[in-house]
Amino acid sequence: MCGIVGFTGEISAKDVLLHGLKALEYRGYDSAGIAVETENGIKNIKTVGKVSNLVDKVNEYGDSLKATTGIGHTRWATHGGVTAENAHPHRAGKVTLVHNGIIENYQELAAQFKEKGLEPVSETDTEIAAMVINDCYTDNPIEAVKAAVKRLKGAYAFCIIFDDYPENIYAIRNGSPLVATNTDEGSFIASDMVAIVKYSKDYFVLPEHHIATITKDSISIMDLKFREVEPDMMHVSWDATAAKKGGYEYFMLKEIHEQPEALTNTIVPRIVGGLPDFSVDGVDDSIFEGINNITITACGTAMHAGLIGKTIIEKYVRIPVNVEIASEYRYKNPIVDEHTLVILVSQSGETADTLEALRLSKARNAKTLSIVNVKGSSIARESDYVLYTHAGPEIAVASTKAYMVQMSVMYLIMLRLALLKKTVDEAEVRRLTAELIHVPDYVKTILDSDKAIQKISNKIINANSLFYIGRGLDYVLSCEGSLKLKEITYIHSEAYAAGELKHGTISLITDNVPVIAVATQKDVLAKTVSNIVEVRSRGAFVIMITTEDVDVNTSLCDHILVLPKVDQDFAPFGAAVMLQYIAYYTSYAKGLNVDQPRNLAKSVTVE
Ligand code: M6R
């Protein structure tokens, strides 16, 4: 939520900032702004709308914006409507800043300023933070930042310029992410490496509650006792092209097509001698010792990957697995203790609710294992163990390849546990592992089924509402299919366990209501087919997703999408692609911005 970027160095600040903001736009896209240090002081330019609007506005200034220091922001509004005044950067006295996060006590602070006769220009919590920092400032920026954060409650990543130090940027964070790097061209800081990978693949994560002083030659870090701290350098394995569309019209389509590679990169290093093995991650088997239950907690699509994990782990390992929405888990006094393995799933590794769920689990002495895509992110760093997914940057707001690799890690965990707990004999673990290794190729064969799906999307484009039904793995997959469709097409949809429909919801099935029936699970096929017959006899327009080795009467449905033959436990990897395509092509046919659906942001760093 919100992307921030800062630069000071030898090259054009506005070019670095606009490039960075374009790359960070997935984090928020309702308004944007930059502030750069010009010969005539700081120039603050802000617009409502996409970064492209900001680019147009900045271009109007021509050469007068020659500057080598600046900060920028792309916003997902939390406090205050979408207006140019509320867009960042914000300014108070000698302070100009950009912010990602929420200052929870801003109203109380605003009231204190009001008593002194000081009123903000905007409706934002961020401007109040700028006022606090300015209030704490006499002549030393680091002391001002240190004093100010004592007065602020909430989550923040700030990049700050003080008028008296026009070539420096100061930064601090609590909760929200910041990565930074210094190169021959200057020093860069941003919410995410996608903004700066063009300039460097080496970086460090700014430690929380540490102040960075960023000059064109160096970046120094101090803790709040003013002790210098050496950063832990990290390296990204992907390059700038991974964060570009590469000929695809939308990132989502590109990311769907990247799934086989992401799966290979995630699965293959964890197979040793035909068996699952997490040595490469430094995750030893002791994490699974003494565990008698598992809780998986996450949000949105990541939580849906958890539901897949629950289904297969309970089937093969016979251990209870509880899946909790992180925003519920953190406030419900969850039943977890030292015998619980808590698995946190997150693409970004920064989702606020998942992060808090992690902290709560640790406080309850649970063992914590995270499945995270972004290296060095907060959830990865704070959990006891981490299994990174190797999907590369996921830019489209709708998650696709991250879901796919999260699922694959669930299978790896299931297989390792089944082996350790001997709930499945080794030969069967080997067979299942071989199936998993085959998944990237399997997914590849499904990628060109998009033509058939485009036709189907044209049939559902005008629906007001539709339903996804399935049983077992097909049901939990339906939850993901439904979320994807809602998120990017704005068509209402619901996922139902097929057998549950007749307990109320079937009253909504009337003529031509689309029902997408996922029917890949052979052992419950007859039951799912009965449910299909029930909705069809009430007029539903049924689209069935099944596998070629399933014996089904095709006249039962209006459209059928057939996956190649596969062990039914691995069918979710194929069906997921079809569900992603249905959402993608329906959104596309409606002429919507597939990658940037309304009201959303990629990384939800506020609760
Ligand atoms: O970064 P995370 O995986 O923690 O994000 C969790 C959800 O916000 C995310 O999966 C969201 O549901 C997706 N936009 C759905 O496509």
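Bear in mind that the values here come from a model prediction, so they are computed numbers and not experimental data.

Student: Would you take a moment to explain unusual backbone geometry for this structure?
Tutor: When glycine is set aside, most residues are seen to have a negative phi, and most peptide bonds are trans. For the bond from His88 to Pro89, the omega torsion is 0 degrees, close enough to zero to count as cis. Positionally, Pro89 belongs in the loop between strand S4 (69-75) and strand S5 (90-92). Residue His209 is not a glycine yet carries a positive backbone phi of 60 degrees. Tracing the chain through its elements places His209 in the loop between strand S11 (202-205) and strand S12 (210-214). In this structure His209 comes out as partly exposed when scored by relative accessible area, which is 36%. One non-glycine residue, Lys422, adopts positive backbone phi at about 55 degrees. Tracing the backbone shows Lys422 in the loop between helix H12 (401-421) and helix H13 (426-446).

Student: I tried to follow the sheet that holds S11 on my own but got confused; where do I start?
Tutor: Strand pairing in a sheet relies on backbone hydrogen bonds, with the paired strands running either antiparallel or parallel. The antiparallel open sheet is built from 8 strands, whose spatial order is S3-S2-S4-S1-S10-S9-S11-S15. Each edge of the open sheet is held by one strand with a lone partner, namely strand S3 (41-48) and strand S15 (233-235). Strand-to-strand, the axes of this sheet are offset by a mean angle of 20 degrees, without reference to chain direction. Pairing geometry for strand S2 (residues 31-38) and S3, over 8 bridges, is antiparallel. In the strand pairing of S3, Thr38 is matched with Gly41. Sheet contacts for helix H2 (residues 51-59): S2, S3 and S4; angle to S3, the most-contacted strand, approximately 135 degrees.

Student: Explain the site of the ligand here, please?
Tutor: Residues in close proximity to the ligand total 14 residues, the closest being Ser346, Gln347, Ser348, Thr351 and Glu487. Gln347 has a polar backbone atom sitting 2.6 Å from an oxygen atom of the ligand. Within the backbone of Val397, an N or O atom sits 2.9 Å from a nitrogen atom of the ligand. Protein coverage of the free-state accessible area of the ligand, which is 410 Å², stands at 91%. Judged by the fraction of its atoms near the pocket grid, the ligand is located in the second largest pocket. For the shell around the ligand, the secondary structure elements donating two or more residues are helix H8 (300-317) and helix H15 (473-489).

Student: Would you take a moment to explain the side chain of Gln596 for this structure?
Tutor: Note on placement: Gln596 falls in the segment after helix H17 (571-589). What Gln596 contacts, discounting residues up to four positions off in sequence, is Glu25, Tyr26, Tyr29 and Lys50.

Student: What am I meant to see in H15 here?
Tutor: Residue pairs spaced three or four apart in an α-helix point in one direction, given the helix's 3.6 residues per turn. Its 17 residues give H15 an end-to-end C-alpha distance of 24 Å, which sits within 8% of 24 Å, the value for a rise of 1.5 Å per residue. Among the 17 residues in H15, 14 count as buried, and that is most of the element. Following H15 by one or two positions, Tyr490 adopts a phi angle in the positive range, close to 65 degrees.

Conventions and cut-offs
Residues numbered from 1 in each chain as written. Predicted model: local features only at pLDDT ≥ 70, side-chain atom pairs only at ≥ 80, totals over all residues. Heavy atoms only, no water. Helix = DSSP H or I, 4+ residues; strand = E, 2+ residues; numbered from the N terminus. Buried < 20%, exposed > 50% of the residue type's maximum accessible area, 1.4 Å probe, protein only. Pairing = 2+ DSSP bridges. Axes fitted to C-alpha atoms, helices over the stretch in contact; angles between N-to-C directions. Contact = heavy atoms within 4.5 Å. Near = heavy atom within 4 Å. Polar contact = N/O pair within 3.5 Å; in protein donor to acceptor, adjacent residues only side chain to side chain. Areas by Shrake-Rupley, 256 points an atom, 1.4 Å probe, with all protein chains shown as cover. 1 Å grid on protein atoms, 1.4 Å probe; cavity = no way out; pocket = protein on both sides within 12 Å on 5 of 7 lines; lining within 4 Å. Sits in = over half its atoms within 2 Å of the grid points. Expected span 1.5 Å × (residues − 1).

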